[in-house]
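Listed here are the chains, written in short residue letters.
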Amino acid sequence: MPNTVLMGAQWGDEGKGKVIDVLTAQADVVVRYQGGSNAGHTVVAEGRKYVLHLIPSGILHEGKQCVIGNGVVMDPFDLMTEIGMLRGHGIDPDGRLFISDRTHMVMAWHRALDKADEARRAESKKIGTTGRGIGPAYGAKMGRTGFRVGDLLDPRFPGRVREETALANETLAAWGAPLLDVDATVADYRSVAEALRPYVADTVLFVNEADRAGKRILLEGAQGTMLDIDFGTYPFVTSSNPTAGGACTGSGLSPRRIGRVVGVIKCYTTRVGAGPFPTELHDATGELLRQKGGEFGATTGRPRRCGWFDAVIGRYAAMVNGVDFWAMTKLDVLDEMPVIKICTAYRRDDGVVYETFPSDLAALERCEPVYEEMPGWMEPTSHITRYEDLPEKARAYVERLVALIGGRLGILSVGPARETTLLVELGI
Ligand code: IMP
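Here we summarise the structure given alongside this text.

Rules of the game
Residues numbered from 1 in each chain as written. Predicted model: local features only at pLDDT ≥ 70, side-chain atom pairs only at ≥ 80, totals over all residues. Heavy atoms only, no water. Helix = DSSP H or I, 4+ residues; strand = E, 2+ residues; numbered from the N terminus. Buried < 20%, exposed > 50% of the residue type's maximum accessible area, 1.4 Å probe, protein only. 1 Å grid on protein atoms, 1.4 Å probe; cavity = no way out; pocket = protein on both sides within 12 Å on 5 of 7 lines; lining within 4 Å. Points joined across faces, edges and corners; volume = space filled by probe spheres on them. Nonpolar A, V, L, I, M, F, W, Y, C, P; charged D, E, K, R; others polar. Near = heavy atom within 4 Å. Polar contact = N/O pair within 3.5 Å; in protein donor to acceptor, adjacent residues only side chain to side chain. Areas by Shrake-Rupley, 256 points an atom, 1.4 Å probe, with all protein chains shown as cover. Axes fitted to C-alpha atoms, helices over the stretch in contact; angles between N-to-C directions. Parallel < 35°, antiparallel > 145°, perpendicular 65-115°, else oblique. Left-handed = near helix turned anticlockwise from the far one by under 90°. Contact = heavy atoms within 4.5 Å. Pairing = 2+ DSSP bridges. Expected span 1.5 Å × (residues − 1). Arc of directions from axis to C-beta. Lys, Arg positive; Asp, Glu negative; His and termini not counted. Salt bridge = Lys/Arg side-chain N within 4 Å of Asp/Glu carboxyl O. Phe/Tyr/Trp six-rings, centres within 6.5 Å; stacked < 30°, edge-to-face > 60°. Lys NZ or Arg CZ within 6 Å of the ring centre and 35° of its normal.

## Examining the environment of G176
Note on placement: G176 falls in the loop between α5 (157-174) and α6 (182-196). The class of G176 is exposed, set by a relative accessible area of 66%. Once the C-alpha coordinates of G176 and I265 are considered, the two residues, 89 residues apart in sequence, prove to be 41 Å apart.

Structure (C-alpha cells):
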C-alpha cells in the first residue's frame, strides 16, 4: 500500500470509519491529521462497539501504531476518557499511541466559549457547532495564544492557564454565560499533564522515520471537504482543513511522500448543523433516507439533514483533493427507492449554470439543482459480496456517479458490517 490519505468528500459522516477499518489492515502507522472531538467514529470489532473521537480506530488492530498529528486540536480530558475506555476493554495503547508535542489542546475555556458563542448568536447566524471547543482552539492556534501538548511540561504552564481562564471569564461574563472556576481549572490541567506524558512524542520525526523505514502510512481526515475552512461553505464550516492538503500540514509528511488519495463519498448527501445544502429534501424521501441510513450524529445525536447525491460537490471534491479512488458508501440505503435523482449542476435564477461549487453563498441561494433521474433497483443489496452480483440498475447508478465526478471506484459499501464492503478496483 502506498502512503494513503483518506478524506471525506461531502459534509462529513460519509462512513469514513468503516473504510479506515478496511485500509488499516494494510497500514503500519495510522495518523489522524485534523479536527478534534467533534468527530465520532463508531467501530464494531469482535462484537464490541467502540466510539472514538480522537484516537485512530487503528488502535483496535493489534500491532498498528497510531498518531495524533500536529494538525489536530486535542482535548486532553477527552483523550484520557478514550484511553480509559480502551483499557477497560483490555486494549493497552501504551507504546502504540503517540501524540505530537506540536498538537494544540482544546482548553476548558475553548469549550465554554464555543457553547456561549453559539447560544448568544441570532438563529440565522448559528453555525450549529458540536460544542467541542473546536473553533476557539484553532482560533487560539492561529492567534498564537494556543496551548500545545509540549507546553504541559513547561513550568510556566499553570500560570498561563490561570491567566487565560481569567481572560475567558471576562468574555463569558459579557455574554452572560457561566464562569469557569480558575483554581479548579489549573488543578485539572496539572493532573492531566502527568497522565499524558508517556504518549507525547516528536511525531513529525516519528512519521518520517517510519516512512523512511518503508512502513505504510494511512493519514485519516475527519469531517469532509465541504466543511473545510478554505474550501467549504464558509462560514458554515469547521475550523480546519479536512481536505487532502491538510494531511501534510497536519502530520509533517511531505506531499511528495503521498502515493494515493481515497475519497469517501456517500451515495446520497447529508449534513448536520447549519448552512447551505442544495439537494436537501424536506419530504418523506428525506425522512426515509434518515431512518434507513441511521442518519443521526455520532457525537451529538442530532438528526442529519438528508438529500440526493450532488455530483457538483463530488466533482469539486475530486478536484480539490486529487481523488484517485472513491470509496462509495451506503448504497443499500437506496434499495427501496423507485426513482433516484442525481444533481448534475446548479442553475441560477438568471440562467447561469454551475458545474463546480461556487464560493459565493449568496449566488448559491439563487440556485436550483439540475436533476437527472435513474430507476431504482428495488431489491436488497446488503447480502451481496461481489460487485458483479449487484442488480444491473444498482451498478448503473454507481457507474453514473463515477462518470459524473471523475476518478475510479475503489470500494463500495452496502452495509455496516465489514463483510459488506465490495473491493472493486483497489485490489486490496
Ligand atoms: P465544529 O467543528 O464543532 O466547530 O462545527 C462546525 C460545523 O461542522 C457544524 O456544522 C458541525 O455540525 C459540523 N461538524 C463538525 N464535525 C463534524 C463531523 O464529524 N461530522 C459532521 N459534521 C461535523
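## Looking at empty space enclosed by the protein
In this approach a probe as big as a water molecule rolls over the atoms, and the regions it shows empty are the leftover space. One pass over the structure, following the stated rule, counts one cavity of 30 Å³ or more. A volume near 50 Å³ is recorded for the largest cavity. Forming the walls of the largest cavity are R32, A39, H41, L52, H53, L54, I55, P56, S57 and E220. Per-class residue counts for the lining of the largest cavity are five nonpolar, three polar and two charged.

## Considerations on the site of the ligand
Neighbouring the ligand are 16 residues; N38, T130, T238, V272 and R302 lie closest to it. Measuring from an oxygen atom of the ligand, one finds a backbone N or O atom of V272 at 2.9 Å. The side chain of R302 places a nitrogen or oxygen atom 3.0 Å from an oxygen atom of the ligand. With the chains in place, 95% of the 480 Å² that the ligand exposes on its own is no longer accessible.

## Describing the layout of surface pockets
Approximately 340 Å³ is the volume found for the second largest pocket. Around the second largest pocket, the lining comprises 15 residues; the ones closest to its centre are A45, E46, L60, H61 and E62. For the lining of the second largest pocket, the secondary structure elements donating two or more residues are β3 (41-45) and β4 (48-52). Grouping the constituent residues of the lining of the second largest pocket by class yields six nonpolar, two polar and seven charged.

## A word on the packing of helix α3 (residues 108-120) against helix α4 (residues 134-142)
Look at α3 against α4: their axes get within 7 Å of each other, and the N-to-C directions meet at 120 degrees. Relative to α4, the element α3 lies oblique. Between α3 and α4 the crossing geometry is right-handed. Counted together, H110, L113 and D114 of α3 and I134, P136, A137 and A140 of α4 form the full contact between these two elements. Residue classes in the contact of α3 with α4 are distributed as five nonpolar, one polar and one charged.

## Notes on the sheet that holds strand β9 (residues 200-201)
Judged by pairing direction, the sheet is mixed, and its ten strands sit side by side in the order β9-β7-β5-β2-β10-β1-β11-β15-β19-β20 without closing on themselves. The sheet is open, and its two borders are formed by β9 and β20 (421-423), each paired with just one other strand.

## Quick notes on α3
Between its first and last C-alpha, α3 extends 19 Å over 13 residues, near the 18 Å set by a 1.5 Å rise per residue. Along α3, the residues classified as buried are W109, H110, R111, A112, L113, D114, A116, D117 and E118. Tucked inside the fold, the buried residues of α3 contact α2 (76-88), β8 (104-105), α4, α5 and α6.

## Digging into helix α9 (residues 284-293)
G286, L289, R290 and G293 are the residues of α9 that are buried. Along the axis of α9, the buried positions cluster into a sector of 95 degrees, meaning they face one direction only. Tucked inside the fold, the buried residues of α9 contact β13 (305-307). Structurally, the start of α9 carries an N-cap: the backbone nitrogen of T285 is 3.2 Å from a side-chain oxygen of D283. Count one or two residues on from α9 and you reach G294, which has phi positive near 60 degrees.

## Some points on the side chain of D114
Mapped onto the elements of the fold, D114 is located in helix α3. R121 provides the closest opposite charge to the buried, salt-bridge-free D114, at an N-O distance of 7.6 Å. The residues contacting D114, other than those within four sequence positions of it, are T129, G131, R132, G133, I134 and P136.

## Considering the packing of aromatic side chains
Using the criterion set out here, one finds nine aromatic pairs in the structure. Measuring from centroid to centroid gives 6.0 Å for Y316 and F357, while their planes differ by 40 degrees, and the two rings are tilted. Here F357 lies in the loop between β17 (353-354) and α11 (361-365) and Y316 lies in helix α10 (residues 311-321), a separation of 41 residues in the sequence. A relative accessible area of 11% means that Y316 is categorised as buried. In this structure F357 comes out as buried when scored by relative accessible area, which is 8%. An aromatic cluster is defined as three or more aromatic residues linked by ring pairs; in this entry it consists of F77, W109, F147, F157 and Y189. Here R160 stacks its cationic end above the ring of F147, 3.9 Å away from the centre of that ring. The ring of Y371 carries K341 above its face, with NZ or CZ at 5.2 Å from the centroid.

## A few points about the environment of K341
Positionally, K341 belongs in strand β16 (residues 339-348). Relative accessible area serves as the criterion here: at 28%, K341 is assigned to the partly exposed category. Note: C-alpha distance between K341 and G376 (35 residues apart in sequence) is 9.5 Å. Discounting residues that sit within four places of it in the chain, K341 has contacts with W308, F309, Y371, E372 and E373.

The analysis is restricted to geometry; functional conclusions fall outside its scope.
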